[in-house]
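Residue-level structure breakdown
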Amino acid sequence: GAPVARYYRDLLDTDECQERCKYDPECVAYSYGYHVCSIYGTKRTENPEGWRLEVTAALIEHEVTCWEKTEGEVWDFITILREYLFNITVSMMLFFPLSFAYCMNYRQIHSSYRRSLGLEQSLVDDFDDDLNPSHSDLSPRGGATIAQGLAVESCWEELDGERV
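Computed from a prediction, not measured in an experiment: that's the story for all the values here.

In terms of helices and strands, the protein carries six helices and five strands. Evaluated residue by residue, the protein yields a buried proportion of 17% over its 164 residues. Considering only contacts in the protein between residues 6 or more positions apart, those separated by 24 or more positions represent 54%. Of the roughly 13,700 Å² that the protein leaves accessible, carbon and sulfur atoms contribute 58%.

Here it is, written out as structure tokens:
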């Protein structure tokens, strides 16, 4: 294939070479051998500071180890997370709407819950009261006060009749 441009430099450690490739957005691969680090895939036209640029095919006569730049850490994370994504998605799709519905209907839910525990008078008791009304429900004065009022009126009539 066509030669890939590279820039190179003498380095003492492969870790330095790897770091250089990691932070260079144009790096697609790097190699290290015999204290020479080569960064491949550059579109530069001038030497980077402290490095030497070579845009023709390189003739390397010593043993070299090559690495291709990949986003392994990102893909490993997604691969690990992939088996949980469905469960997380379904949980969120249920949790948020149900939480919203609960918040919007809190009073009705709380009242119903209290009635089910017997902490609040139930609707059944209210319905029974409507079917069997007491005397106090028929008149604001109540049954006993109605009878007492009749007795007082008849007493006044008798007294009025004696005066005349």
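Across all of its chains, the model carries three salt bridges by this definition. Across the pair arginine 6 and glutamate 54 runs a salt bridge, and its minimum N-O distance is 2.8 Å. Taken together, the residues arginine 6 in strand 1 (residues 6–10) and glutamate 54 in strand 4 (residues 52–54) connect sequence positions 48 residues apart. A salt bridge links arginine 44 to glutamate 26; its shortest N-O distance comes to 3.5 Å. Of this pair, arginine 44 sits in the loop between strand 3 (36–40) and strand 4 while glutamate 26 sits in the loop between helix 1 (14–22) and strand 2 (29–33), and the two are 18 residues apart along the sequence.

Bringing a nonpolar patch on the surface into the picture now. Together, Tyr84, Ile88, Met92, Phe95 and Phe96 make up a nonpolar patch on the protein surface, roughly 520 Å² of accessible area in all. Position of isoleucine 88 relative to the elements: it lies in helix 2 (residues 72–104). Residue classification places isoleucine 88 among the partly exposed residues on the basis of a relative accessible area of 42%.

Tyr7, Leu11, Cys17, Cys21, Cys27, Tyr30, Tyr32, Cys37, Ile39, Trp51 and Leu53 form the largest nonpolar core, which has 11 residues in total. Breaking this core down by element, the ones donating at least two residues are helix 1, strand 2 and strand 3.

So, on to the packing of aromatic side chains. Each aromatic ring pair is characterised by the separation of its centres together with the angle its planes make. For the coordinates displayed, the defined rule picks out three aromatic pairs. Measuring from ring centre to ring centre gives 5.2 Å for phenylalanine 95 and phenylalanine 96, while their planes differ by 70°; the resulting arrangement is edge-to-face. Here the aromatic rings of tyrosine 102 and tyrosine 106 are separated by 5.8 Å at their centres, their planes lie at 80°, and the arrangement is edge-to-face. We classify tyrosine 102 as partly exposed; its relative accessible area is 42%. Given the relative accessible area of 39%, tyrosine 106 is considered partly exposed.

Okay, the state of the cysteines next. This structure, assessed with the given rule, holds two disulfides. There is a disulfide in this structure between cysteine 17 and cysteine 37, and the S-S distance comes to 1.9 Å. Between cysteine 17 and cysteine 37 the sulfur-sulfur dihedral comes to about 80°; the bridge is accordingly right-handed. One end of the pair, cysteine 17, is in helix 1; the other, cysteine 37, is in strand 3, and 20 residues separate them in sequence. Taking the relative accessible area as the measure of exposure, cysteine 37 reaches 0% and is therefore buried. Residue cysteine 21 pairs covalently with cysteine 27 via a disulfide, S to S 2.0 Å. A torsion of -85° about the S-S bond marks the disulfide between cysteine 21 and cysteine 27 as left-handed.

Turning our eyes to something else, we now look at the confidence of the model for the protein. In this model, the protein carries a mean pLDDT of 75, and residues with pLDDT of at least 70 account for 60%. Within the protein, the element-level pLDDT minimum falls on helix 5 (residues 135–138), averaging 48, and the maximum on strand 1, averaging 91.

Along any regular strand, the residues point their side chains to alternate faces of the sheet. Extensive coverage of strand 2 is indicated by the burial of five of its five residues. Burial along strand 2 is two-sided: Ala29, Ser31 and Gly33 facing one way and Tyr30 and Tyr32 facing the other are all buried. Pairing of strand 2 with strand 3, which is carried by five bridges, proceeds in the antiparallel orientation. When the sheet's bridge partners are listed, tyrosine 32 is paired in strand 3 with cysteine 37. The hairpin turn running from strand 2 into strand 3, its antiparallel successor, is two residues long, and tyrosine 34 in that turn takes a positive phi close to 55°.

The rules we used
- Residues numbered from 1 in each chain as written.
- Predicted model: local features only at pLDDT ≥ 70, side-chain atom pairs only at ≥ 80, totals over all residues.
- Heavy atoms only, no water.
- Helix = DSSP H or I, 4+ residues; strand = E, 2+ residues; numbered from the N terminus.
- Buried < 20%, exposed > 50% of the residue type's maximum accessible area, 1.4 Å probe, protein only.
- Contact = heavy atoms within 4.5 Å.
- Areas by Shrake-Rupley, 256 points an atom, 1.4 Å probe, with all protein chains shown as cover.
- Salt bridge = Lys/Arg side-chain N within 4 Å of Asp/Glu carboxyl O.
- Patch = residues over 30% accessible without salt bridge, like charges linked within 9 Å, V, L, I, M, F, W, Y side chains within 5 Å.
- Core = buried A, V, L, I, M, F, W, Y, C linked by side-chain atoms within 4.5 Å.
- Phe/Tyr/Trp six-rings, centres within 6.5 Å; stacked < 30°, edge-to-face > 60°.
- Disulfide = S-S within 2.5 Å.
- pLDDT = per-residue confidence, 0-100.
- Pairing = 2+ DSSP bridges.

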